[in-house]
Amino acid sequence: MVDLLIMRKNAIYSRMFIQLEAELRVGYYETSCSMAESIVKDEVRKGFMRDSGLAAGLVRMHFHDCFVRGCDGSVLIDSTPSNKAEKDAAANNPSLRGFEIIDNAKARLEAVCSGIVSCADIIAFAARDSTEMTRGLGWEVPAGRKDGRVSRASDIPANLPAPTFNLNQLTQSFASKGLTQEEMVTLSGAHTIGRSHCTSFRARLFGFNTTLGQDPTLDASYAAQLRQQCPKGNTNTNVVVPMDPSSPTLMDTGYYRDVQANRGLFTSDQTLLTNAVTAHLVNQNAMNEYLWQSKFANAMVKMGKTGVLTGSAGEIRRNCRKIN
């Protein structure tokens, strides 16, 4: 009887997955808003020309959107007096950026095809475009996501992997979103672009535990450099450091070479060497840039289908910052 119930439940999940695959598709806006992807790309390009670091912000925005309530654009919603939204949680504020690019793209899309293109799809397109502009491989984005109506900062801690996570915690976090351990290692490579605030890694430099001041897995010379950039007691939230100092604006395999050299910025980066399987993946990615970029593109497509809303489950927001 139990086996029969499990079989029925698996059959239901399979039908739901097949239905989702049918509703998200490449070229979703070809007839309803044919300029959709080109308009988003143009706004990403303009933002990138002003500040190349915004590309990393948009890739990260897609991660943070998809890991909390699924890829539903909820990370874009502004807080109200009665609700603190995702974007104002400690993990997102002040570090998440690129919102104005999404706003600009949405405004242009509403002017040419009102009520057609979702904010969630704009984020997905922008993450792909940002990857291409930082010399990574692009991918075809299956679209058709609807926008969610709920955004709560309180949902963040249980869903976003923290920079302090060890390998088991990371693996479990990604598995909860349907992503494998190999895909977790692949997607961690996004840290090859962008920057971090000192608060995300300060504990590795000062007072690591009761007996050690510094995390022993962190390269000593790199740690000394970080202590100069982020001195003890510094409270300036504007101080940031590149996550991959050698090429912070390029989607290359510098991140994996940093991890190999014990120069991963976060605990969650360096922990990839604590297991033979994940360490092998780090070494494989470090040696073959095209292989990693291909795997990254495939993993981003899969991640972009996490918990999406389709059909009548969501809405098409007219303003990405608030529900209709």
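For every chain, the first residue of the written sequence is number 1, and numbering continues from 1 onward in sequence order. Where local features are concerned, this predicted model is filtered to residues with pLDDT of at least 70; where side-chain atom pairs are given and counted, the filter is 80 or more; whole-chain, interface and lining totals use all residues. As a convention, hydrogens and water are excluded, and side-chain values are obtained from all of the structure's heavy atoms.

The chain goes by Peroxidase in an unreviewed UniProt entry, where it is assigned to Rhododendron simsii. Its UniProt record, at the heading Subcellular location (unreviewed entry), says of the chain: "Secreted". UniProt positions are given in the numbering used here, feature names are shortened, and annotations may be inferred rather than shown by experiment. According to UniProt, the comment filed for the chain under the heading Function (unreviewed entry) is "Removal of H(2)O(2), oxidation of toxic reductants, biosynthesis and degradation of lignin, suberization, auxin catabolism, response to environmental stresses such as wounding, pathogen attack and oxidative stress. These functions might be dependent on each isozyme/isoform in each plant tissue."

Before going further, it helps to spend a moment on the UniProt feature "active site" (unreviewed entry) in the chain. Mapped onto this numbering, the UniProt entry annotates "active site" (unreviewed entry) at His64. Its location among the elements puts His64 in helix H3 (residues 54-67). Once residues within four sequence positions are removed from consideration, His64 is found in contact with Glu86, Ala91, Asn92, Leu96 and Leu160. Numbering of helices and strands runs from the N terminus; a helix is a DSSP stretch of H or I covering at least four residues, while a strand is a stretch of E covering at least two. Whether two residues touch is decided by their heavy atoms; if any such pair falls within 4.5 Å, the residues are in contact.

All right, on to unusual backbone geometry then. Note the cis peptide between Asn93 and Pro94, where omega equals 15 degrees. Relative to the helices and strands, Pro94 resides in the loop between H3 and helix H4 (99-112). Phi is positive for Arg69, which is not a glycine, with a value near 70 degrees. Positionally, Arg69 belongs in the loop between H3 and H4. Here Arg69 falls in the partly exposed class, since its relative accessible area comes to 37%. Of note, the phi angle at Arg135 is positive, near 70 degrees, even though the residue is not glycine. Partly exposed residues are those whose accessible area sits between 20% and 50% of the maximum for their type, while under 20% is buried and over 50% is exposed, using a 1.4 Å probe and protein chains only. The exposure class of Arg135 is exposed, given its relative accessible area of 65%.

Confidence per residue, as judged by the predictor, is encoded in pLDDT with a range of 0 to 100. On average, residues of the chain carry a pLDDT of 92, and 93% of them reach 70 or more. Below a pLDDT of 50 lies the segment residues 1-7, which in the model reaches zero contacts outside its immediate sequence neighbourhood of four places, other chains included. Contacts for the low-pLDDT stretch residues 9-22, under 50 throughout, to residues beyond four places or in other chains number four contacts.

This part is about the UniProt feature "site: Transition state stabilizer" (unreviewed entry) in the chain. The sites that UniProt annotates as "site: Transition state stabilizer" (unreviewed entry) are Arg60. Locating Arg60 in the fold gives a position in helix H3. A relative accessible area of 28% means that Arg60 is categorised as partly exposed. Among residues more than four places away in sequence, those in contact with Arg60 are Ala91, Ser95 and Leu96.

With domains assigned, the chain is organised as domain 1 (35-155) and domain 2 (167-303). Between domain 1 and domain 2, the C-alpha centre-to-centre distance is 23 Å. The partner domain 2 presents 21 residues to the 22 residues of domain 1 that form the contact. Both sides of the domain 1 and domain 2 interface together cover about 1,800 Å² of buried area, and 76% of this is carbon and sulfur. When the area that domain 1 buries against domain 2 is broken down by residue, the three leading residues are Phe63, Phe67 and Leu137, summing to 34%. Note on definitions: salt bridges are taken to be side-chain nitrogens of Lys or Arg within 4 Å of carboxyl oxygens of Asp or Glu. One can count zero salt bridges joining domain 1 with domain 2. Per the annotation, domain bounds derive from an automatic or database assignment of domains. Each of two parts loses accessible area, computed with a 1.4 Å probe, when they are put together; buried area is these two losses added.

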